[in-house]
Amino acid sequence: MPAGRKARNPSRTAPYGNEPRHSSYDQRRLPATARGGAPMTANRVSVIMPTFNRAPMIGESIQSVLDQTHREVELIVIDDGSTDETEAVVARYGDRVRYAKVENGGKPRALNIAMAMTTGDYIVVLDDDDVLLKNCIERHLTAIASDDSLGLTYSDFYRGGSGPDGKLAPATLFRAPDLPRDAAFPALLESMYFVHQGCLVRRQCYLEIGGFDAELRRAEDYDVLLRLLHRYPVAHVPEPLLIVRTHVGARGTAHDRFDAAERAIRDFGYLGRVYRRLHDSLELQEYLPRSVVATDPNWARLAAIKRIAVMMRKGIWDLAAEDLRRLAGAGLGAAPLSAEEIRVLGIALRNPPALIDLSRRPEERASLAAALRAPPLAALRPHLLRGLYWGLREVAADRLFAQSARLALEAVKVFGVTEVARLAWSRR
């Protein structure tokens, strides 16, 4: 058995999941009412807009849906217990919007309720502070209709803020990568390279993966995209079709409100749950494109390194240390590190929320340091340390100087004074 590979569970299906089948990772289901469903309408797109206390912004988001060039669109606003004027704002649009108000229970639960109300073949989930460009749905439908095997499409997008007229205006363009089909899921394991709001998804795909995980109060979008891409092919629409609003203000549920600046840390905590499930359920080769597994004789080592890097990026320190010890026990082999292995190691410690989390976990930091001291792992350490260096720079760039200094001390504890000093000298 290749180093780092888990024994296969015979009850599990084959990896990669591009065919419509279930894995141990996606066993959740929508309520029975959703599975029965209302009659579907060909080419109708159901836009679901979850909301909570966004009366000042939701009107512009609603209007962007009503202004779409594709006319077969239904808009469902699911109000998760708002206490402001949200209901009154939605009421201005009359029967052009289907509105439902539910007891506050979190965004994933609200989305699952709304999913059961949809009548379209396709779903767009739009946040209540973002805006679709007028041709958004038309462009997505053209792309997905060209290939019956596609489960979803994603697009480029803008980030923006309020313009002089108070309306959302594009500011920064984000180009999503156009990846080979078999590379889409492995890339998403590393980072979320597109946004959920910029996707059009076949309704049946949401039903087959079980909808949204109601236990996740944050990061539910990343979780559902991972489950979708694990099972279905995806295509990129190479143009910006959405404006994602960047603004200050409260986030979260009625019982757990927090400032926008805390969002990354809050999301990070829930992502830990998601990635622990992934570590348990994915086969090692699923961390790589199938083309790499088929052609690279060292694919098992690369996949083991990739899984270690992914778990480090998401702050799953105990599992990363466990995989490091397993890799050390198997030996790295005679072949030098490949360019892809060096790249993967370079991003492993480049996530500021993960580094901040590590600084709060002395036992896991000690376990990681012990694993990295194993002689066979000497080749990995400089590349991990370079990633840490850039992670520290990102923390410092946000003017979090006290945290940056603390993390530098943690780096010394993990890697040792000599290696940290050598890196600092080389970067002068």
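Residues numbered from 1 in each chain as written. Predicted model: local features only at pLDDT ≥ 70, side-chain atom pairs only at ≥ 80, totals over all residues. Heavy atoms only, no water.

Some thoughts on the overall build of the chain
- When helices and strands are counted, the chain shows 18 helices and 11 strands.
- At a minimum sequence separation of 6, the contacts of the chain that also span at least 24 residues come to 77%.
- Of the roughly 18300 Å² of accessible surface on the chain, 54% is carried by carbon and sulfur atoms. (Helix = DSSP H or I, 4+ residues; strand = E, 2+ residues; numbered from the N terminus. Contact = heavy atoms within 4.5 Å. Areas by Shrake-Rupley, 256 points an atom, 1.4 Å probe, with all protein chains shown as cover.)

A few points about the environment of Ala 328
- As for its placement among the helices and strands, Ala 328 is situated in helix 12 (residues 317-330).
- Residue contacts for Ala 328: discarding those within four places in its chain leaves Ala 374, Pro 376 and Leu 377.

A few points about the packing of aromatic side chains
- This model, assessed by the stated rule, comprises six aromatic pairs.
- Ring geometry for Tyr 154 and Tyr 193: centres 5.9 Å apart, planes at 75 degrees, overall edge-to-face. Linking Tyr 154 in strand 6 (residues 152-162) with Tyr 193 in the loop between helix 6 (184-190) and strand 8 (199-202), this pair joins segments that are 39 residues apart in sequence. As far as burial versus exposure is concerned, Tyr 154 and Tyr 193 are alike and both buried.
- Measuring from centroid to centroid gives 6.1 Å for Tyr 222 and Tyr 275, while their planes differ by 80 degrees, and the two rings are edge-to-face. Taken together, the positions of Tyr 222 in helix 8 (residues 220-231) and Tyr 275 in helix 9 (residues 263-281) put the pair 53 residues apart, joining distant regions of the chain. Comparing Tyr 222 with Tyr 275, the two get one shared label, buried.
- Through pairs of rings, three or more aromatic residues link up here, namely Tyr 154, Tyr 193 and Phe 194.
- The ring of Phe 174 carries Arg 159 above its face, with NZ or CZ at 5.5 Å from the centroid. (Phe/Tyr/Trp six-rings, centres within 6.5 Å; stacked < 30°, edge-to-face > 60°. Buried < 20%, exposed > 50% of the residue type's maximum accessible area, 1.4 Å probe, protein only. Lys NZ or Arg CZ within 6 Å of the ring centre and 35° of its normal.)

Some details on the packing of helix 11 (residues 299-313) against helix 13 (residues 339-348)
- It is the contact of helix 11 with helix 13, at a shortest axis distance of 8 Å, that shows an interaxial angle of 15 degrees. In this view, helix 11 runs roughly parallel relative to helix 13, as classed from their interaxial angle. Note that helix 11 runs across helix 13; the crossing there is left-handed. Seen from helix 11, the contacting residues are Arg 301, Leu 302, Ile 305, Lys 306, Ala 309, Met 312 and Arg 313; seen from helix 13, they are Glu 340, Glu 341, Val 344, Leu 345, Ile 347 and Ala 348. (Axes fitted to C-alpha atoms, helices over the stretch in contact; angles between N-to-C directions. Parallel < 35°, antiparallel > 145°, perpendicular 65-115°, else oblique. Left-handed = near helix turned anticlockwise from the far one by under 90°.)

Focus on the side chain of Asp 130
- The topology assignment puts Asp 130 in the loop between strand 4 (120-125) and strand 5 (131-132).
- There is no salt bridge for the buried Asp 130, and the closest opposite charge comes from Arg 245, which lies 5.6 Å off by N-O distance.
- Not counting chain neighbours up to four residues away, the residues in contact with Asp 130 comprise Ser 61, Ser 64, Leu 168, Gln 197, Leu 242, Ile 243, Val 244 and Arg 245. (Lys, Arg positive; Asp, Glu negative; His and termini not counted. Salt bridge = Lys/Arg side-chain N within 4 Å of Asp/Glu carboxyl O.)

Quick look at the pattern of salt bridges
- All told, the structure shown has 24 salt bridges when counted by the stated rule.
- In this structure, Glu 74 engages Arg 98 in a salt bridge whose closest nitrogen and oxygen atoms are separated by 3.2 Å. Placement of Glu 74 in strand 2 (residues 73-79) and of Arg 98 in strand 3 (residues 98-101) is noted, with a sequence separation of 24 residues between them.
- The closest approach of N and O atoms between Arg 343 and Glu 190, which form a salt bridge, is 2.7 Å. Note that Arg 343 is positioned in helix 13 and Glu 190 in helix 6, a separation of 153 residues in sequence.

Notes on the pairing of strand 3
- Sheet topology note: the strand 2/strand 3 ladder contains four bridges and is parallel. The residue of strand 3 that forms the bridge with Ile 76 is Arg 98.
- One crossover worth recording links strand 2 to the parallel strand 3 by way of helix 3 (residues 86-91), and it is right-handed. (Pairing = 2+ DSSP bridges. Right-handed = clockwise from strand over helix to strand, strands pointing away.)

Section: the confidence of the model for the chain
- Across the chain, the average pLDDT comes to 84, with 80% of residues at 70 or higher.
- Contacts for the low-pLDDT stretch residues 1-39, under 50 throughout, to residues beyond four places or in other chains number 100 contacts. (pLDDT = per-residue confidence, 0-100.)

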